Amino acid sequence: MKTRKIILLVCLISIIFQSCESEEGNPPVEERISGKWKLNQIKTIGENGANSFQLKDFSESNIVIEFKDFVDVKQSFELHNTGTYDFTFIYENYFVLDNADLPQNNIIEFDSKRYLVEITETNSNRGLKHLNLTSYNAFKTQLLLEEVK
């Protein structure tokens, strides 16, 4: 009986440690987005029809957006003017608000625009993170950014 209690205690402790490790390994999006990001491309889908898309290359520009206590747009471009903006992070469905049955998304709102946030980390390409901000208005617009180190 004493052996069973010890085994049960060891199992419970290992479950607790595994739970803590997974939370630390995946910080919230607010922390992961913090820093400077360089705009590489703007992809617009459906602007001239449902199946059309337009890709604008900004890789040679120096357009940087910094996320800290506020959003700082360092240089104007077609979607945002230079300036600092308050922002809000929301975790909800992008299309249907306040519906817990639908998949939840990381969303950021600033400068009167709402974006779905996706961060990918690649071990290739110098270990940089990539940030996709996607807005769904009359058509789908994606800002494709790369972390500035």
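Refer to the structure presented above.
Rules behind the numbers
Per chain, residues are indexed from 1 in the order of the written sequence. Side-chain atom pairs in this predicted model are given and counted only at pLDDT of 80 or more, local residue features only at pLDDT of at least 70, and totals for whole chains, interfaces and linings cover all residues. With hydrogens and water stripped out, all remaining heavy atoms of the structure feed into the side-chain values. We treat two strands as partners when DSSP finds at least two bridges between them. For helices the rule is a DSSP run of H or I covering at least 4 residues; for strands it is a run of E covering at least 2, with both sets numbered from the N terminus onward. Only residues whose relative accessible area exceeds 30% and that take part in no salt bridge are eligible for patches, with like-charged residues grouped when within 9 Å of each other and nonpolar side chains (Val, Leu, Ile, Met, Phe, Trp, Tyr) grouped when within 5 Å. Working definition of accessibility: Shrake-Rupley area with a 1.4 Å probe, residue cover restricted to the visible protein chains. Take a side-chain nitrogen of Lys or Arg and a carboxyl oxygen of Asp or Glu: if they are within 4 Å of each other, that pair is a salt bridge. Exposure categories follow from relative accessible area, calculated using a 1.4 Å probe and restricted to protein chains: below 20% of the type maximum is buried, above 50% is exposed, and the middle band is partly exposed. The contact criterion used is simple: two residues touch if any of their non-hydrogen atoms lie within 4.5 Å. Pairing of aromatic rings covers Phe, Tyr and Trp, the last through its six-membered ring, and needs centres within 6.5 Å; plane angles under 30 degrees mean stacked, over 60 mean edge-to-face, and all others mean tilted.

1. Quick look at the pairing of strand β8 (residues 113-121)
Here is step 1 of the chain: Summarising the sheet, strand β7 (residues 105-110) and β8 pair through four bridges and their orientation is antiparallel. Bridge pairing in β8 links F110 to K113.
Here is step 2 of the chain: The hairpin turn running from β7 into β8, its antiparallel successor, is two residues long, and D111 in that turn takes a positive phi close to 50°.

2. Quick look at unusual backbone geometry
Here is step 1 of the chain: Phi is positive for D111, which is not a glycine, with a value near 50°.
Here is step 2 of the chain: As for its position among the elements, D111 is in the loop between β7 and β8.
Here is step 3 of the chain: Positive phi, normally seen in glycine, also occurs at S112, with a value near 60°.
Here is step 4 of the chain: Residue placement: S112 occurs in the loop between β7 and β8.

3. What about a nonpolar patch on the surface?
Here is step 1 of the chain: Where nonpolar side chains cluster on the molecular surface, the patch consists of F95, V96 and L102 and spans about 270 Å² of accessible area.
Here is step 2 of the chain: Within the secondary structure, V96 is located in the loop between β6 (87-92) and β7.
Here is step 3 of the chain: In this structure V96 comes out as partly exposed when scored by relative accessible area, which is 37%.

4. Observations regarding the side chain of T44
Here is step 1 of the chain: Examined against the element boundaries, T44 turns out to sit in strand β1 (residues 35-45).
Here is step 2 of the chain: Leave out the neighbours within four places in its chain, and T44 touches S52, F53, Q54, F139, K140 and T141.

5. Observations regarding the pairing of β1
Here is step 1 of the chain: Pairing of β1 with strand β3 (residues 64-67), which is carried by four bridges, proceeds in the antiparallel orientation. Bridge pairing links K36 to E66 in β3.
Here is step 2 of the chain: Of the strand pairs in this sheet, β1 and strand β10 (residues 140-147) are connected by eight bridges, and their pairing is antiparallel. The partner of I42 across the bridge, within β10, is L143.

6. Details of the packing of aromatic side chains
Two descriptors summarise a pair of aromatic rings, namely the distance from one centre to the other and the angle between the planes of the rings.
Here is step 1 of the chain: Here the structure, examined in full by the defined rule, presents seven aromatic pairs.
Here is step 2 of the chain: Ring geometry for Y85 against F110: centres 6.4 Å apart, planes inclined by 45°, an arrangement best described as tilted. Taken together, the residues Y85 in strand β5 (residues 83-85) and F110 in strand β7 connect sequence positions 25 residues apart.
Here is step 3 of the chain: A relative accessible area of 2% means that F110 is categorised as buried.
Here is step 4 of the chain: Ring geometry for F87 versus F89: centroids 5.6 Å apart, planes at 85°, classification edge-to-face.

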